[in-house]
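The lines below spell out each chain.
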Amino acid sequence: MDTSGITWRFAFPVNRDDLLISETGRYHVDKLVSIHRMNCSLDDVHALVKRRGRHTWWILEHFDTFFSVIMKFKDVDNGVKEMAWRCAMLGLEQHTETLGRTFTTERLDPHTKLLHLNMLQMGVYVVVELFQCFEDETKKVNIVTTKKSKAKKATGGVEWGSDEKQEGLNALRQLLDLNLALLWDPPVVTEDFVEQLGGCCFKLLENPDTVKCKKTCEYIYHILALLVKRYNYCLGASLKIMQLLQQHAHLPGPFSDLMLVCVRDYDVKSLTTQVVREIAQVDPGELVRDTSATRNYCTFLVEVSSHSNTIMLLLISSLLPHLDGDAYTMRNCVLGIMGDLISKVLNDEGIDEKMRETRSALFDRLELHIHDQNAFVRSKAIQIWTKLIQNRCVPIPRQHQLVELVVGAIQDKSSNVRKNALVFITSYLACNPFSDKLSLENLQGKLKEEREKLEKLKEGLPAIPGGDKTAEEEEEGETGAMEVELTPEVAQKLEEVQKQDLIVQYLGDCTRFTEQMHRVILLVSQLLASKSSSDVLESIDFLVSAHEFGLKSAVHGIRKMLVLVFNSDPQVKEAVMKAYIRLYIQPDSGKRPGPEAVARSLMAMTYGSTTGEIMSLEELVKLLLEKEHISPRVIKVLLDLLVDRTPETPVYELNSALIILSMVASFDASLVTQNLSLLISVGFDSTLSVARYTCKLLQKAAPIGKKNNDFERFEDHHKLMGTIMDKLVMEFDNPKVDWVGFADEAIKTIYNLSEQPDSTCTKLLNQLLLKTFPPKRGDLLDNVDSKPGTDNALIGLHLHRLLSVVGQVATCTLVYLDTSVLNELKYRSGVRESMEERKRDKKILNKSTVDAAEEELGLQGASADDLETEMIRNVTETEIVTGQGFLAKFAPLLRHICSSPQLFPCPRIQNAAIISLCKFMCVSSKFCEEHLQLVFTLLEKNGNEGTRCNITIILHDLVMRFPNLLVNWTARIYARLRDPSVTVRSTTVRILTNLILNDMIKVKGQISELAICLEDLDPKIRSLTQLFFTELSRKTNAIYNVMPDIISHLSDPDTGRSPDEFQTIMKYLFDFIDKDKQAESIVEKLCHRFRAARSERQWHDLSFCLTLIHYQDKALKKLMDNISCYYDKLSDSNVYENFLIILERAQKNIKIEIKEVLDDFEMKIHYCHKKGGDEDMEAPTDALLTQIKNMNLKPPTQVRQGKAKPNRSKKKKKTWDSEESDGESNEEEAETVAIRSTSRVVRQSTRVTKRPAASEDSSQPSDDSDDDEFEELLSKATKKQNTKTRGKVRLR
């Protein structure tokens, strides 16, 4: 080709069509090659390229062919596409080799430069455009590839994948390695050439499939790095990166890797600096609007910070303003970068003073955002501090203040914040720089001892030279001789003082840290009751760690944790079991403890435990036995402890061993039967306490209420029965033991295990009667009706114990009949029926049709079951505590003692008699009905609060057994909610909660008594009442049905409830009215109650309740339609104010089509308020609406202007269990709350100024000056709402 005539220059077109336009001095394409001639043209190009001549100007001659392929890429064959790509690659590689030789051996003349430059730009343009064509076509083809396949995809039959991309990128990279600037004059590569290559690389990165291939990305990174370093592409690349970060979520990682390649391989830091600064200058408002772009920015910054800490340290000051912005994602990002810088760059003790100041400043900002307004930011800040603590990056002097800040977050309303705060505290405890055993008593003792040593060392110490001089004396210079010469002895003593001072300082910090952890344990223990599983799980982890570090107060939390074995969440239950295994069964020391140690640990868990904790521990032991964490050797150790006991063995250890064995027996009852002789000989040959727990263990052989037909009961003459009776009679006279507690368990054991428990207990009662009432003559029971005095202490003791046993026997007899006897009867009936079934099969043809039908329907079996139940009921009604039953003979004695407290003033006797009488009432409905009046009289008049509590508890059992008998006495039970004793009120709330939730008591008007308890002085009662209403709300329409009665009762002035108390109670209860139909119905009912209201107080309360409703269209229509019920009450200022609040909230929630109707309703409200004093005023009907409008009254919307109360939606209680909404609307909500408070204050002040005028003549409008003042104040409030705060840290 003759190139001598070439004087044109090739210029990169903005659009491809620009090359078809002729322009002087620039290359243009005359005519596109047709599709059918492309093969021939490409064959010529391929042959020309393969010659590899020194000056093969192939592209200058055949550029039109390549351009034609590019322009018609969608239409040409796949072979043409492949041939074009092959030729372009071969030509570019050949030209690169040619330029490399030329730059090193020849000096180019201007014409040759022009040829090479044109050929370079044409070749690069062809390759780049082919790249783009293939990429565009790849995106349109939807090909499903497996994960294991290579990143190579078919594009309409053309192979275009990672290999082809890498080939092209490698060619471009080799080209850029040359000094291409020599082809330009002056020697500066033009911007359009650089943009062509850079744009190609960024275009490839837009494809997510390209990013998946690491090697392809490496080529792209090196090309871009070369462009930035050699060809001044920093600004262009940074702008392109910013643009792509906004659009593609998969690019933050690759761009971060690009920054790493630039810094690591090419020492180019400018690109990182430029991009970070661009992000720092993004408008905060834009970050809030475009959340996806913000996330991409944050991901990029965090990844860059992970490998370029030094650069980010220099740029962190430009990012700090984002901490004051509204985008919480960006705040999290900046905080994360600060944490990385502290842990990776500023954690060296050898850093200079300036770096120390920087670290301190970053610490301060991190501390500030522990209390950020957004929960996600608070969580992130605490997570960062956790990592810093784990990496030991926080100086000890700062740790104490830090912990105090994080401890406050334990009570945060966001569960995520609480969780991270607990993780921080646990990590801080595990990484504490002080000790692995933190005994506060030992530390305080050591600190006191070391301080005394320090004082002694300082006593003989001479004055330190210059130590007492002031700054002014030092400025005057050394005018005098030294006070004391530092001899070797003095220097040594000074060194000892310094060492001792360090020891004292260390012990002081350690003691302070331990005291801080004890306070934290109290807070964490409260979180065990949280409804959030994350709170509970993290609390368990912390308490276990605290116990391992020897913090004694953790024992309280460990015990409180026991109840969680009944939690419905499997994760919580599993965590509790693992915690106790870690603490008591298999500690983290790595060495599995022996069976003796495990047994001792289990016994220690029972020391000082409550009944609830023992029940929880029993469930835990069952879980451990199921998982085989408790071996048979541990059980043998417990039995050996009972056998090998000595007089020195503490009783509590024996009791604990028996308790653990009882828990094991609940899982495996054979433990009792196999060791029965041992338990009898050992358990009853000790104190009553040991005997009592032995009885509990023996009861596990045949638990009450469980079908155990294989268990054979013991005869009356069995050794066990005789031993129990002998123990009871022998200790009957001993006043120093808990005889009643042992007797209760002994009688339960008799009824559980004896074949004839009634006979055994009759014998026992006869013996006790002989001791209580020694017979002088006649029958033994003749003296029961006598009136024994209580002056004799022994007689009083006997009578108290006898009465207690009588009541326990009655209860156990009832349980025995309802469970064991009834089950046995049903079992025998079933066996009998099965035997008869076989006989009936043989005689089925002889049976009547009716009998056959009954058998088919199962009527005979049902009748048999009913007969057995009726028989048991008849026995309990007529043969136990009534009629000729043995226990019936004690009824007159119980009745006499209960009704004659002046004859039996001993509280113990009274209490025992009342409890036994109530237990008798549980047996027979007839006996119960006869003595209800006596029991309720005792409940109201007895002065012992313990007795009243016991009666209340037994009344619960009576209601459960005989609900119909207690229907008319329900009000007397509710009356105990007003008892002066906190204990009685608390007990009453508990039993009413259980009865109502189990539908044993109908929720009637008395429910208002429970509502009053929401304002009880005792916080525990308030909490129990709130729990009751929360559970009641889960029943369909339960609270809705009782709400009118509650309002009617509490709004009655005779109840003595203040308006503030009424409003507090109603605010809580109306939170449960969350259905539109309920709200609609309540609105109508409240409106009708206005007519029956007798006082202004009731008007105020009813109108206040209307403000608590969430108004939808139908509820609002009900309010409008019933204006005739309350129009005459609107003259009252309080009622009027409440209706204005309703209207204001409704304006924000209504549909456009009913806005006009609402405006008319506003005019009616205003009219009624102005004309309320006229006697002849009528209800503002629609007929009067035109007249009202013509009066040109001041619309109420002007009065309400400036108020910013939010629309009332379903309100959630603010506790630690509730999840907060962490959106970016928090700022607006906070401003709304501020305006609401201002409006409320203004409204109250206006109410005070308007009332005198309204009282004189309510029909006259208020003074204009008052209205002006009112509008002025509200205007200020509105301006305050519109003010936006910028440049401040967003704190709560």
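Residues numbered from 1 in each chain as written. Predicted model: local features only at pLDDT ≥ 70, side-chain atom pairs only at ≥ 80, totals over all residues. Heavy atoms only, no water.

## A closer look at the overall build of the protein chain
Here is step 1: Each helix and strand counted, the protein chain has 58 helices and two strands in total.
Here is step 2: The burial tally for the protein chain puts 49% of its 1292 residues in the buried class.
Here is step 3: Counted over contacts in the protein chain with a minimum sequence separation of 6, partners at least 24 positions apart contribute 75%.
Here is step 4: About 63300 Å² of surface is accessible on the protein chain, with carbon and sulfur atoms providing 50% of the total. (Helix = DSSP H or I, 4+ residues; strand = E, 2+ residues; numbered from the N terminus. Buried < 20%, exposed > 50% of the residue type's maximum accessible area, 1.4 Å probe, protein only. Contact = heavy atoms within 4.5 Å. Areas by Shrake-Rupley, 256 points an atom, 1.4 Å probe, with all protein chains shown as cover.)

## Re the packing of aromatic side chains
Here is step 1: Evaluated as defined, the whole model comprises 33 aromatic pairs.
Here is step 2: Plain terms: the ring middles of Trp85 and Phe131 are 5.3 Å apart, the flat faces sit at 80° to each other, and that makes the pair edge-to-face. You can see Trp85 sitting in helix H3 (residues 78-105) and its partner Phe131 sitting in helix H4 (residues 110-140), a full 46 residues away along the chain.
Here is step 3: Overall, Trp85 belongs to the buried group, its relative accessible area being 3%.
Here is step 4: Taking the relative accessible area as the measure of exposure, Phe131 reaches 1% and is therefore buried.
Here is step 5: Among the aromatic residues, ring-to-ring pairing joins Trp8, Phe10, Phe12, Tyr27, Phe63, Phe67, Tyr125, Trp184 and Phe193 into one connected group. (Phe/Tyr/Trp six-rings, centres within 6.5 Å; stacked < 30°, edge-to-face > 60°.)

## Describing the side chain of Thr511
Here is step 1: With respect to the secondary-structure elements, Thr511 resides in helix H22 (residues 488-527).
Here is step 2: Polar contacts involving the side chain of Thr511 include one to the main-chain carbonyl oxygen of Leu507, which spans 2.8 Å. (Polar contact = N/O pair within 3.5 Å; in protein donor to acceptor, adjacent residues only side chain to side chain.)

## Here we look at the pattern of salt bridges
Here is step 1: Following the criterion strictly, the structure yields 39 salt bridges and no others.
Here is step 2: Across the pair Asp324 and Arg365 runs a salt bridge, and its minimum N-O distance is 3.6 Å. A residue pair is termed long-range when its members are at least 10 positions apart, and Asp324 in the loop between helix H14 (309-319) and helix H15 (328-344) and Arg365 in helix H16 (residues 353-368) qualify at 41 residues.
Here is step 3: For Glu404, the salt bridge is made with Arg519, and the minimal N-O distance between the two is 3.1 Å. (Salt bridge = Lys/Arg side-chain N within 4 Å of Asp/Glu carboxyl O.)

## Some details on a nonpolar patch on the surface
Here is step 1: Taken together, the side chains of Val563, Phe566 and Met615 define a hydrophobic patch exposed on the protein surface, amounting to about 310 Å² of accessible area.
Here is step 2: With respect to the secondary-structure elements, Phe566 resides in the loop between helix H24 (554-561) and helix H25 (570-585).
Here is step 3: Relative accessible area serves as the criterion here: at 46%, Phe566 is assigned to the partly exposed category. (Patch = residues over 30% accessible without salt bridge, like charges linked within 9 Å, V, L, I, M, F, W, Y side chains within 5 Å.)

## A closer look at the packing of H22 against H24
Here is step 1: Between H22 and H24, whose axes approach to 9 Å, the crossing angle comes to 5°. Overall, the two elements H22 and H24 adopt an arrangement that is roughly parallel. Along its contact with H22, which presents Ile521, Ser525 and Gln526, the element H24 presents Ala554, His556, Gly557 and Lys560.
Here is step 2: Residues belonging to the contact of H22 with H24 are distributed by class as follows: two nonpolar, four polar and one charged. (Axes fitted to C-alpha atoms, helices over the stretch in contact; angles between N-to-C directions. Parallel < 35°, antiparallel > 145°, perpendicular 65-115°, else oblique. Nonpolar A, V, L, I, M, F, W, Y, C, P; charged D, E, K, R; others polar.)

## Focus: the environment of Leu1116
Here is step 1: In this structure, Leu1116 sits in helix H51 (residues 1113-1121).
Here is step 2: With 26 residues separating them in the primary sequence, Leu1116 and Ile1142 have C-alpha atoms 9.3 Å apart.

## Topic: helix H33 (residues 719-730)
Here is step 1: The first and last C-alpha atoms of H33 sit 16 Å apart over 12 residues, in line with the 16 Å expected at 1.5 Å per residue.
Here is step 2: Those residues of H33 that fall on the buried side of the exposure criterion are Leu720, Met721, Ile724, Met725, Lys727, Leu728 and Val729.
Here is step 3: Turning to H33, the residues buried within the fold contact helix H31 (676-683), helix H32 (688-699), helix H34 (739-753) and helix H35 (757-772). (Expected span 1.5 Å × (residues − 1).)

## Some thoughts on the nonpolar core
Here is step 1: With 374 residues, the main nonpolar core has Phe63, Leu180, Met561, Phe1029, Met1066, Leu1119 and Tyr1126 as its most contacted residues.
Here is step 2: The element contributing the most residues to this core is H4, with 14 residues.
Here is step 3: Contact partners of Leu180, with chain neighbours within four places excluded, come to Leu99, Phe103, Leu120, Leu175, Val189, Phe193 and Tyr231.
Here is step 4: Counting residues in each nonpolar core, the second largest holds five residues, with Leu447, Val497, Val504 and Leu507 among its members. (Core = buried A, V, L, I, M, F, W, Y, C linked by side-chain atoms within 4.5 Å.)

## Some thoughts on unusual backbone geometry
Here is step 1: Along the chain, Asp185 connects to Pro186 via a cis peptide bond; the corresponding omega equals 0°.
Here is step 2: Its location among the elements puts Pro186 in the loop between helix H5 (162-176) and helix H6 (191-205).
Here is step 3: Located in the positive-phi region is Asn232, a residue other than glycine, with phi close to 55°.
Here is step 4: Among the secondary structure elements, Asn232 is positioned in the loop between helix H8 (214-231) and helix H9 (234-247).
Here is step 5: Residue classification places Asn232 among the exposed residues on the basis of a relative accessible area of 71%.
Here is step 6: Of note, the phi angle at Asp999 is positive, near 60°, even though the residue is not glycine.
Here is step 7: Looking at where Asp999 falls in the secondary structure, it is placed in the loop between helix H44 (982-997) and helix H45 (1007-1012).

## What about helix H27 (residues 611-626)?
Here is step 1: Spanning 16 residues, H27 covers 23 Å between terminal C-alpha atoms, matching the ideal 22 Å at 1.5 Å per step.
Here is step 2: Considering only its buried residues, H27 is in contact with H24, H25 and helix H29 (651-667).
Here is step 3: Following H27 by one or two positions, Glu628 adopts a phi angle in the positive range, close to 60°.

## Overview of the confidence of the model for the protein chain
Here is step 1: Considering every residue of the protein chain, the mean pLDDT works out to 79; 81% of them sit at 70 or more.
Here is step 2: In the model, residues 465-484 has pLDDT below 50 throughout and makes nine contacts with residues more than four positions away in sequence or in other chains.
Here is step 3: Contacts from residues 777-791, a stretch scored under 50 in pLDDT, to residues over four places away or in other chains number 21 contacts. (pLDDT = per-residue confidence, 0-100.)

## What to know about the packing of helix H11 (residues 270-280) against helix H13 (residues 291-307)
Here is step 1: Between H11 and H13, the shortest axis-to-axis distance is 11 Å and the interhelical angle comes to 140°. Of the two possible hands of crossing, H11 and H13 adopt the one that is left-handed. In this structure, H11 uses Thr272, Val275, Val276 and Ile279 to contact H13, whose residues at the interface are Tyr297, Phe300, Leu301 and Val304.
Here is step 2: Of the residues assigned to the contact of H11 with H13, the class counts are seven nonpolar, one polar and no charged. (Left-handed = near helix turned anticlockwise from the far one by under 90°.)

## Some points on the environment of Phe10
Here is step 1: Considering the arrangement of structural elements, one finds Phe10 in the segment before helix H1 (38-50).
Here is step 2: Once residues within four sequence positions are removed from consideration, Phe10 is found in contact with Leu19, Tyr27, Phe63, Asn118, Gln121, Met122 and Tyr125.

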